[in-house]
Every structure is written in structure tokens, then in C-alpha cells.
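# Fold and contact review
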Amino acid sequence: MTHAPSAPVAPSALELDGLVRHFAVRGGTVRAVDGVSLAVARGEVLGLVGESGSGKSTVGQCAVRLDRPTEGTVRVDGTDITRLSRRALRPLRRGFHLVFQDPSASLDPRMTVERIVAEPLRLHRLAHGEELQGRVSELLRLVGLRPESARRRPHELSGGQRQRVSLARALSVEPRLLVADEPTSALDVSVQAAVLNLFSDLQRDRGFGCLFITHDLSAVEFVADRIAVMYLGEIVEQAPTADLFASPRHPYTAALLSAVPVPDPAVERSRRRVVLQGDPPSPLAPPAGCRFHERCPAAVDRCRVEPPALRTLPGPVPRQVACHRVDEDGTPPQL
Ligand code: SF4
């Protein structure tokens, strides 16, 4: 019996395999990222969460090759970009973009909004003349900016408007992958929701894959399909968003989620908070064994000597966890 050839599997928008980024500093080595593997499917939003210093922004910088990994592989849309030269990367940059936390720092203050949004289209020779103007107007409309914004400079705009300009610029070349590093953290709370809504709508309409990096769990719950949790340079848990929020398995994830306020006061009053002891240790000298053991309320002797591997849990929902005390069937430890 012959089998029909199976359909080719589309490459992921982003694939990181064993990503390591160490920085040599006086007095040692900062192990910012230590063996991170993850994939973002086309059209998927993967949230990458963790406290500041967990290494999540360094992962983002390596993913778009604004930083060069010490070890490991970065593939964007199936192409290995890990060690490409700047020149070789240039034509590929159209396919991936980074949206920064602070749009003021990433937008040239001397340029008008029109020039900022048009620049990638010009650089990649995708449009010129009237067509270019038309594309810029369309992009500004798409991100909810008035046509007169085109003549303004970044300092004449509000924070929310500047982030809209960043999004218009990023989307101008129709990337397959967007890495958004805390894209709403620098905005007033009142405009965060509007920008998140816009981001979510654009992502759905345009279908780009996205690595959404944030410490804001409410934001990531709103936009992400799946979530990866980082602690001190490593991924400790990965799961679909709804499953992670409904039943976190790793004690660190449980602690992070227990700090997120719930809008219902009755539910909020009845919840138990998992309070972590102390601050995260320095990535200059991560603890032996499980890196979380000094702060973990469930730690046992084994945790102090043996690093837990990230393992896939059984069941229909694809989830991974790195904890000795999560049972084979996925039952987490009591906290
Ligand atoms: Fe806590 Fe041990 Fe699990 Fe680490 S391996 S999270 S220290 S219980």
C-alpha cells in the first residue's frame, strides 16, 4: 500500500534552539540566557513573562539579531540567522521586527511621522512616489492615527500615538515575525488597553507570529495564545494561556499568577497569595540545582543539587514544566 506524501509542515515564524547568551564582566560571567528553546508558530502570539532580570529581553534581542547569541540557533521563518553578517541579514530584516518599550527612544526625533513609516518601504524598495504616500496613509489609518499626524514629529505626539507610529512602521513591510518588548509598559494605564486592543486586532488581521515580552500578566493574558515563563535565564513552564492561568504547575508561575488582581472582590478576598522570599539571585552566580530553590516554598533537598529538566507533561494539552515536585501526571506540589 502506498501512502500519499504528507503536506509539508510550514516553518515556525521563530524557532530558538538551545539559546545561550553570556556576557563577560569584571568579576565573572553574567548568564543572562542559559539554554532557551521555544517556537512561535505562524500567526501565533507567544507571551514571554518573568521578573526583570530573567533574561526575557535578551531573548528578544537575540531573536531579531540585535544581539548575537553565545550558543544555540535562531531560525526565523525557517532561515537560520544565528551567525549571518550584518550585510547578509539586511535583506532578511524585512521579515522580522522589534517593537520597543519606549517608542521615543526608537523613533528618530528629526523625522516626520510620514518619513518614519515610509523609511522601511524605501529601504526595501517596496514602494515609491504616490504609491509610497498611499501606503503610509493606509498604515496610519490602520493604527488609528489621523492623516494630519503624518506631518508631526515624535515629540509632538503622546506616548500612545508614538507607539502607534512604531506599530505602523513595523507593519509597513508586512513582517512574518514581530518581537514586542514591553510594548505598553511605558504608556499611561489609560492608553495601555487601547494599544493592546489595536495590537491584538492587527495581529489577527495580518497573521504575523509574535513573541510578546512582558512582566504584565494581565496584558499577556489578553494577547497571547501560549505563555512561556522565564526565571533567571531559563524557561520553567510553557502552556496555552488559558491552561496556565487556570492551573499553573510550576511554583514560580503559581506565585506570579497569585499576585495578579482579580476584578471580582469576593474571589479576590478568598484567594491565597503565594509570597516569594527575597529577590531573584544574581545571574552572575545562579544557585546550583533548581535556580528557584532559594525562594521556592516547595523546595526539598533534591532541588538544591539537581537542576530539573524541562519535561513535557502527559495529556491532550501541550505543556512543559521544569520542577522535580510536579508529578508524572502533572499534579503540582502543595504551596
Ligand atoms: Fe521548587 Fe524544587 Fe520545583 Fe525548583 S524543583 S520549583 S525548588 S520544588
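Here's a quick rundown of the structure. (Residues numbered from 1 in each chain as written. Predicted model: local features only at pLDDT ≥ 70, side-chain atom pairs only at ≥ 80, totals over all residues. Heavy atoms only, no water.)

### Some details on the overall build of the protein chain
Across its full length, the protein chain holds 12 helices and 12 strands. Over its C-alpha trace the protein chain gives a radius of gyration of 21 Å, about what one expects of a compact globule, namely 20 Å for 335 residues. Classification of the 335 residues of the protein chain by burial places 47% in the buried group. Partitioning the contacts of the protein chain with sequence separation of at least 6, the portion at a separation of at least 24 is 62%. For the protein chain, the accessible area works out to roughly 17,000 Å², and carbon and sulfur atoms hold 50% of it. A gap of 6 Å separates the mean positions of the 43 positive and 39 negative side-chain charges of the protein chain. (Helix = DSSP H or I, 4+ residues; strand = E, 2+ residues; numbered from the N terminus. Rg over C-alpha atoms; globule rule 2.2 N^0.38 Å. Buried < 20%, exposed > 50% of the residue type's maximum accessible area, 1.4 Å probe, protein only. Contact = heavy atoms within 4.5 Å. Areas by Shrake-Rupley, 256 points an atom, 1.4 Å probe, with all protein chains shown as cover. Lys, Arg positive; Asp, Glu negative; His and termini not counted. Charge placed at Lys NZ, Arg CZ, Asp CG, Glu CD.)

### Re the site of the ligand
Around the ligand, 13 residues are found, and the nearest of them are Cys290, Cys296, Cys303, Cys323 and His324. Partitioned by chemical class, the residues of the shell around the ligand number 9 nonpolar, 3 polar and 1 charged. (Near = heavy atom within 4 Å. Nonpolar A, V, L, I, M, F, W, Y, C, P; charged D, E, K, R; others polar.)

### Observations regarding the packing of aromatic side chains
If you walk through the whole model with that rule in mind, you get 5 aromatic pairs. Geometrically, the ring pair formed by Phe199 and Phe208 is edge-to-face, given 6.1 Å between the ring centres and 70° between the ring planes. Residue classification places Phe208 among the buried residues on the basis of a relative accessible area of 2%. Of the aromatic side chains, those joined through ring pairs into one cluster are Phe199, Phe208 and Phe212. (Phe/Tyr/Trp six-rings, centres within 6.5 Å; stacked < 30°, edge-to-face > 60°.)

### Some words on the pairing of strand S10 (residues 234-240)
With 6 of its 7 residues buried, S10 lies for the most part within the structure. Direction of pairing for strand S9 (residues 226-231) relative to S10: antiparallel, over a ladder of 6 bridges. Within S10, the residue paired with Tyr231 across the bridge is Glu234. Where S9 hands over to S10, the hairpin turn is made up of 2 residues, of which Leu232 adopts a positive phi near 45°. Pairing of S10 with strand S12 (residues 320-321) involves 2 bridges; the strand directions are antiparallel. When the sheet's bridge partners are listed, Glu237 is paired in S12 with Val321. (Pairing = 2+ DSSP bridges.)

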